[in-house]
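# An overview of the molecular structure
Here is what each chain is made of, one letter per residue.
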Amino acid sequence: MYKRILVAYDGSDGARAALKQGIALADALEAEISCLMVEEHLPHYAASISEVKAAKEQIDEHFRTLAKQARDLAALGGIDMDVIVRQGHEVETIVNTAKAGHFDLLVVGYHGHSAIFGRIMGSTAQSIVRLSPCPVLLAK
Amino acid sequence: MENVWILAAVWVGLALVATLVAIWLKISTALSEIVVGTVAQLIIGVIVGPNALGSSTAWVSFLAGTGAIVLTFLAGAELDPDVFRLKWKEAVVVGLAGFGAPFLGAAAAARYVLGWDVGPSWLAGVALSTTSVAVVYAVMLELGFNVTEYGKAILAACFVNDLGTVLALGLIFSPFTLRTLVFVLVSAVVFFLLPIVTPRFFRRYGGRVSELETKFILLALFGMGGVALWAGSEPVLPAYVIGMLLAGSVGKDHLRIRRLRTLTFGLLTPFYFIRAGSFVSVPALAAAPVVFSVLFFAKMVSKMLGVFPAVKAFRYEPQETMYYTLMMSTGLTFGTISALFGLSHGIITPGQYSHLVAAVIGSAVIPTLIANALFMPVHLRGGDTGEPAPTAAPREVVRGGTDHV
């Protein structure tokens, strides 16, 4: 059924649930699985390179930790998994990666914003569902 | 306010608020601190009194001044000597054009369009001649240009541009007396000896808990800053040069830079930027928005006129040239340092200071937005195929527990 699965992971509870679902599906369907993490932006209009470098070091460290978490979960399930870190807007990067990598299933976590916030801003998950080139599994 | 600890708590509280605002809005702490300083002065000034924030007290001035000096040292120390050697011709030509054109253009606009006196006009030229290496570096790093020849050339040119600004600030307003000669001679000796002595001294006595290296660097910065001030010059001038001279040794010691960074951003620069913001008069800005527009466009237009042909001479494509030019049109740290120098030395009025700082902040934001929206040379981003580009940071791909960077 699904041959290439992409899981979006940011370390949140919802994303962790998504990763577990993705790993279980990949195992059951013998599909390839990749885990995508999207880096947040560096501080804009910094006063010194030191500030930028410090922010970059913190971001890199954060994503190294997340990558290890994802890797450990995949190892527990006995699965080979790519962990990809990309920079950019969260929704745009996830959708573009799914398109470019010809994934046929996208697994994302449910963040649980308030109803008002969701109506006004539109949640990340809602935007991904709307723009994704492939079916989306929303894990909770 | 006489209670120094209450006042200190107010300043550190403002720094904390600025940091939170920076996190929420994903902007730099420095920019946030300037804005928080402006708003705090406006509110506290109305409620308690114009001097309640104590921006002009000796200890706040000292901490803020130290922040500017160490920040400038770090800016110089972050020069990559290898990149500069590789691209020195281009960096010198573009950097000098990037300094010279807006220096003359903005000074002329202040003098002949706004009718400012000669001193304030030259100060406007200096404050608006800058580029912001940090703003440019963040964009380069985020978009992956920092590892390309193109991005390295832009960064090297930015260093030369800022060196021109710092030299102009340190020399134009100096009275040129016997003290100036002494300052130049002492500088020559110290600048010759520091790159030789420092690495050896650190190897022999460094690496201890007592932080000998930090004390040594502060001694050099304060000592040369003191001589500069005695000669009627500006302490950030020797700080930037010392930073550049030690870039190959201290600048490559990441742990040392990280410790200095903690001292600088944790304590010193909040005082500098909040103080710089606290002198901005919102009523003055609101009363004459045209002045801000004239200064801002004077910088943008003269940067275009100077930098575009200089970059074009190195055979870049039009889109690459425009992006390069817009990156060189940014400004923040040295712009505010120059404006504050002018205010504290009575060269410019609080109103002129407010307009200059507003124009400097505008130049930090607007050129990068236009450049990234309209002129980004995506073809230079490491063989871009529509995918996000690699940056200097590790792009981790993990397969079966094996990392491939």
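Residues numbered from 1 in each chain as written. Chains lettered and ligands numbered in written order. Predicted model: local features only at pLDDT ≥ 70, side-chain atom pairs only at ≥ 80, totals over all residues.

When you go through chain B residue by residue, the secondary structure sums to 17 helices and 2 strands. Relative to its length of 405 residues, chain B is compact, with a C-alpha radius of gyration of 21 Å against a globular reference of 22 Å. In terms of principal-axis extent, the alpha carbons of chain B reach across some 65 × 55 × 50 Å. Across the 405 residues of chain B, 53% fall into the buried class. (Helix = DSSP H or I, 4+ residues; strand = E, 2+ residues; numbered from the N terminus. Rg over C-alpha atoms; globule rule 2.2 N^0.38 Å. Buried ≥ 20, exposed ≤ 12 C-beta atoms within 10 Å, placed from the backbone.)

Bringing the overall build of chain A into the picture now. When you go through chain A residue by residue, the secondary structure sums to 5 helices and 5 strands. Reading chain A from its N terminus to its C terminus gives the helix and strand order β-α-β-α-β-α-β-α-α-β. In terms of C-alpha radius of gyration, chain A reaches 16 Å, essentially the compact-globule figure of 14 Å for 140 residues. C-alpha atoms of chain A, sized along the principal axes, occupy 50 × 35 × 25 Å. Counting every position in chain A, which comprises 140 residues, the buried fraction comes to 42%.

When a protein is soluble and globular, its nonpolar side chains tend to lie buried together. Within the largest apolar cluster, 133 residues are counted, with the highest numbers of intra-cluster contacts made by Ala-124, Ala-134, Val-136, Tyr-137, Ile-242 and Leu-295 of chain B. Those residues in contact with Val-136 of chain B that lie beyond four places of it in its chain are Thr-131, Ile-154, Leu-155, Cys-158, Met-327 and Thr-330 of chain B. Membership of the second largest hydrophobic core comes to 35 residues, among which are Ile-23, Phe-63, Ala-70 and Phe-103 of chain A. (Core = buried A, V, L, I, M, F, W, Y, C linked by C-beta atoms within 7 Å. Contact = placed C-beta atoms within 7 Å.)

Turning next to the interface of chain A and chain B. As a measure of interface size, the accessible area lost when the parts come together is often cited. Counting residues at the interface gives 29 residues for chain A, matched by 39 residues for chain B. Going through the elements one at a time, α2 (49-76), β3 (81-87) and α3 (90-100) of chain A are the ones with two or more residues in the side of chain A that touches chain B. With 10 residues, the top contributor of residues to the side of chain A that touches chain B is α2 of chain A. Looking at the side of chain A that touches chain B residue by residue, the classes come out as 15 nonpolar, 7 polar and 7 charged. (Nonpolar A, V, L, I, M, F, W, Y, C, P; charged D, E, K, R; others polar.)

Attention shifts here to unusual backbone geometry. All names here are of chain A. Phi angles above zero are rare outside glycine, and Glu-30 is one such case at about 55°. Structurally, Glu-30 is set in the loop between α1 (13-29) and β2 (32-39). On the basis of neighbour counts, which here come to 8 C-beta atoms within 10 Å, the residue Glu-30 falls in the exposed class.

Once that is clear, we can look at the packing of helix α8 (residues 149-172) of chain B against helix α11 (residues 236-245) of chain B. Residues and elements named next belong to chain B. Contact geometry of α8 with α11 gives a least axis separation of 8 Å together with a crossing angle of 150°. As α8 packs across α11, the resulting crossing turns out to be left-handed. On the side of α8, the interface is formed by Leu-163, Val-166, Leu-167, Leu-169 and Gly-170, while α11 contributes Val-236, Leu-237 and Tyr-240. Of the residues belonging to the contact of α8 with α11, the class tally is 7 nonpolar, 1 polar and no charged. (Axes fitted to C-alpha atoms, helices over the stretch in contact; angles between N-to-C directions. Left-handed = near helix turned anticlockwise from the far one by under 90°.)

All names here are of chain A. With 17 residues, α1 extends 24 Å from end C-alpha to end C-alpha; this agrees with the ideal 24 Å at 1.5 Å per step. Along α1, the residues classified as buried are Gly-14, Ala-15, Ala-18, Leu-19, Gly-22, Ile-23 and Ala-26. Residues of α1 that are buried sit in contact with β1 (4-8), β2, α2, β4 (105-109) and β5 (136-139). Positive backbone phi, approximately 55°, marks Glu-30, located one or two places after α1. (Expected span 1.5 Å × (residues − 1).)

This next bit is on the environment of Asn-161 of chain B. Residues and elements named next belong to chain B. The topology assignment puts Asn-161 in helix α8. The exposure class assigned to Asn-161 is buried, which follows from the 30 C-beta atoms found within 10 Å. Beyond its immediate chain neighbours, meaning those up to four positions away, Asn-161 contacts Gly-95, Gly-98, Phe-99, Thr-130, Thr-131 and Met-328.

A regular strand places its side chains on the two faces of the sheet in alternate fashion. Residue and element names in this part refer to chain A. Burial analysis of β3 places 5 of its 7 residues in the buried class, which makes it a mostly covered element. Judged from the 7 bridges that link them, β2 and β3 form a sheet pairing that is parallel. Paired with Glu-39 across the bridge in β3 is Gln-87. For the handedness criterion, the β-α-β arrangement of β2, α2 and β3 is classed as right-handed. (Pairing = 2+ DSSP bridges. Right-handed = clockwise from strand over helix to strand, strands pointing away.)

Our focus in this paragraph is the confidence of the model for chain B. Residue and element names in this part refer to chain B. The predicted model of chain B averages 88 in pLDDT, with 94% of residues at 70 or higher. Here strand β2 (residues 402-404) stands out as the least confident element of chain B, with mean pLDDT 33; helix α6 (residues 118-128) is the most confident, with 97. Within the model, pLDDT remains below 50 along residues 383-405, and this stretch shows 51 contacts once partners closer than five positions in the same chain are excluded. (pLDDT = per-residue confidence, 0-100.)

Among the structural elements, Ala-286 of chain B can be located in helix α13 (residues 282-287). For Ala-286 of chain B and His-355 of chain B, which are 69 residues apart along the polypeptide, the C-alpha to C-alpha distance reads 9.9 Å.

The next subject is the confidence of the model for chain A. Caution applies to low-pLDDT parts of the model: their predicted coordinates are not meant to be read in detail. Mean pLDDT over chain A stands at 85; residues scoring 70 or higher make up 91%. Looking across chain A, the model is least confident in helix α4 (residues 115-121) of chain A, with a mean pLDDT of 50, and most confident in β1 of chain A, with 94.

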